[in-house]
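# Architecture and fold: a report
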Amino acid sequence: MYDQIMKSQYSFEGLKVTAFESRRANEIEKLILYHGGVPRVAPSMREVPLSESSEAFKFAKELLAGNFDMVILMTGVGTRALVKAVAEKYAVNDFIKALRKTTIVARGPKPVAALREMKLKVDIVVPEPNTWRDIVATLENEADIKGKKVAVQEYGISNKEFISALRKKGAKVTKVPIYKWALPEDIGPLKDAIKSIVLAKEDIALFTSSQQIYHLFEVASKMGSKKKLMGGLKKTVIGSIGPTTSETLHRFGLSADYEPDSPKMGNLIREIARIGPTLVNKKRTANKNGVSTSNWRKVDMIWSKGSHKKRKEITRNSVFMKACRLEKTDYTPVWLMRQAGRYMREYRDIRSKMTFLELCKTPELAAEVTLSAVDRLDVDAAIIFADILLIVEPLGVGLEFSKGEGPRIKRPVRSGKAVDRIKDFDPESLQHVYDALKITRRALDPNKALIGFAGAPFTVASYMIEGGGSRNYENTKGLMYKDPGAWHVMMEKLTLATTTYLNNQIDAGADVVQLFDSWVGCLSRDDYKEFVLPHMKELVSKIEKETPVIHFGTGTGALLDMIKESGSQVLGLDWRVDLAKAWRQIGYDTAVQGNLDPVVLFSTHMEIRKRAKKILDKAKGRPGYIFNLGHGILPKTPVDNVLALVDFVHEYTQK
Ligand code: CP3
């Protein structure tokens, strides 16, 4: 059964896929075919080995004379080719010995593997994704290159920016080009591919190296078709093997519509096959609606120029919204708590340029992060990028996110007086969240729901009182027990603020709202009933009536019947409870969401499918079920595993 499911996934569904790979042309053709695409492979380069030129020999001679302090090896193929070329003239053993005397730097695992074959140990390995900037940054930390004689093995074209960055740091750089690239002897296939792209007859174009892009445009220029090629590419989904290739696309005014995390041909084809039909539809729809799709961002998308009302109606009938209302759906909808976060390259790229709070407060970027996750995962709902603690800043207690330690409240609330000092919530202070929702909703597929969210009063109060995360909630429960009056005032303030905040999010475009009561499971039933439930009832009753509320907490197994009393339409379950039992107890008149242990995503695809199937079988295809994890996705989760999970849920439950 699993085999069958695996086969039906990852399919281009007959899309036309062009690739420009040369050395592994046969392999890429087979991969495209295997994944259900119609391949057109137009090799774009011919390798001219260095044994025909003198530069490898020149390098070997200088190396043997002890003239280099450091050798940077950029590629595995290049490393092997260098040795092969040198071997035509010199004793390989002498060459290896001389290399051993230098500091050997390898860009990623491939040169490392090539060097291992020669029993050479690498001194510095540059971690992936290893663009030239990563190499410079790694060297900055691990070696002093000032005044050092550095040889750089180059592959294909020389990287001017990289060489000049090394020279700026004071290194004396010698370039050792291993291959020079030439156009293939027969450029007929390349010309045909260009003609086909120009006519928008190709659906997807795959670039597996930077050089392919240079050659494609060189030939297009020769044909006088450069502009037309750019025009055609506006309607063609562009796949890029990795960050270096994507950077080259940028130089040509293009952007990659998909780039896998691992720069491998297999990953690129498999991942782009699964989402290809969706991306082709998206890019062509955008183009039709007047979006400039050459070098575009996720927020630039326009799905329809139709009325706001029409869009809302489509979203209302989406699989996700139907499930919230306990209606039957064609398949089980899935999204993942914290789906836009550190485990994703797209997030890390944006986040590396600013702090977490700055990112939350920049609506265009928060929206871009939200949309990137949906595009990458193909989940049924987007969750706005923000944090449950943003609300505490306008309440006047101060908020900080320190590196590695998580959130910190600057002025913890520890007394009745401090409760009185909590400021009235000014809803406009979180305008950036509403703006991010507006931007996201405009660019998001109408068939997908947009989730707004807030922390539930108890969990937000726990941060405000403890000053950060906590194990036992001594101060929180301390205030609750010692000064119940102050506790209830604090909860009332938070309830009012949260209600206003969420209704504003709904006005800005949130289709559903989720309340994160992450830590409420630390309470006894009696305490929940007395100190939390009345406020939750009040909160949920004041949320705009047409908008479903998802109510999530962890460790809540013993509280579920009371949490239901608060009136939310969907209950989020953590992984500790048995979904079948919990739902029976809650009653099938309330929808449920959950509850795979997030740590399962660190296992194998097979194990993930097995465990997801168990949960889906417990839900029994009943209306009102939304698949999710039992808590947020963890920062080191492999994206590839997340894709496998999302696809499995969709495939297995498809009616
Ligand atoms: O789900 C999403 O993709 C939307 C974004 C989102 C974030 N936080 C972004 C974030 C959501 C829904 C949250 C909710 C949140 N925030 C909760 C409730 C959910 C849960 O996991 O229980 C809680 C308790 C917080 C408070 C919070 N924010 C903590 C404890 C931390 C630090 C610890 C950690 O996990 O990193 C944050 C920071 C935070 N919030 C990050 C992200 C992406 C990491 C910030 C970074 O880039 O360094």
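On a predicted model such as this, the values are computed, not experimentally measured, just so you know. (Residues numbered from 1 in each chain as written. Predicted model: local features only at pLDDT ≥ 70, side-chain atom pairs only at ≥ 80, totals over all residues. Heavy atoms only, no water.)

What follows deals with the packing of helix α3 (residues 55-64) against helix α5 (residues 92-100). Relative orientation and spacing of two packed helices are given, respectively, by the angle between their axes and the distance between those axes. Two elements in contact, α3 and α5, have axes whose closest approach is 9 Å; the angle formed by their N-to-C orientations is 65°. As for how α3 packs across α5, the hand of that crossing is left-handed. Residues F59, A60, L63 and L64 of α3 pack against D94, F95, A98 and L99 of α5. A per-class count over the contact of α3 with α5 returns seven nonpolar, no polar and one charged. (Axes fitted to C-alpha atoms, helices over the stretch in contact; angles between N-to-C directions. Helix = DSSP H or I, 4+ residues; strand = E, 2+ residues; numbered from the N terminus. Left-handed = near helix turned anticlockwise from the far one by under 90°. Contact = heavy atoms within 4.5 Å. Nonpolar A, V, L, I, M, F, W, Y, C, P; charged D, E, K, R; others polar.)

According to the domain assignment, the protein chain consists of domain 1 (2-45 + 185-296), domain 2 (48-182) and domain 3 (308-653). A C-alpha centroid distance of 37 Å is found between domain 1 and domain 3. Taken residue by residue, the interface counts 17 residues in domain 1 and 20 residues in domain 3. Carbon and sulfur atoms make up 44% of the surface buried where domain 1 meets domain 3, a total of about 1700 Å² over both sides. If you look at where domain 1 meets domain 3, you find seven salt bridges. In this structure, R376 and E271 form a salt bridge, with 3.2 Å as the shortest nitrogen-oxygen distance. In this structure, the connection of domain 1 to domain 3 is made through nine residue pairs in polar contact (both at pLDDT 80 or more). Taken together, the elements giving at least two residues each to the side of domain 1 that touches domain 3 come down to α1 (2-8) and α13 (265-288). Residue classes in the side of domain 1 that touches domain 3 are distributed as eight nonpolar, three polar and six charged. (Domains from an automatic or database assignment. Buried area = accessible area lost by both parts, 1.4 Å probe. Salt bridge = Lys/Arg side-chain N within 4 Å of Asp/Glu carboxyl O. Polar contact = N/O pair within 3.5 Å; in protein donor to acceptor, adjacent residues only side chain to side chain.)

Moving on, we get to the layout of surface pockets. Taken as a whole, the second largest pocket spans an internal volume of roughly 1400 Å³. Lining the second largest pocket are 50 residues, and of these T75, R107, Y155, T208 and S209 sit closest to its centre. Elements that contribute at least two residues to the lining of the second largest pocket include exactly α4 (76-87), α6 (109-116), β7 (149-155), α8 (160-168), α10 (210-222) and α12 (243-251). Of all the elements, α12 adds the most residues to the lining of the second largest pocket, at six residues. When its residues are assigned to classes, the lining of the second largest pocket shows 17 nonpolar, 19 polar and 14 charged. (1 Å grid on protein atoms, 1.4 Å probe; cavity = no way out; pocket = protein on both sides within 12 Å on 5 of 7 lines; lining within 4 Å. Points joined across faces, edges and corners; volume = space filled by probe spheres on them.)

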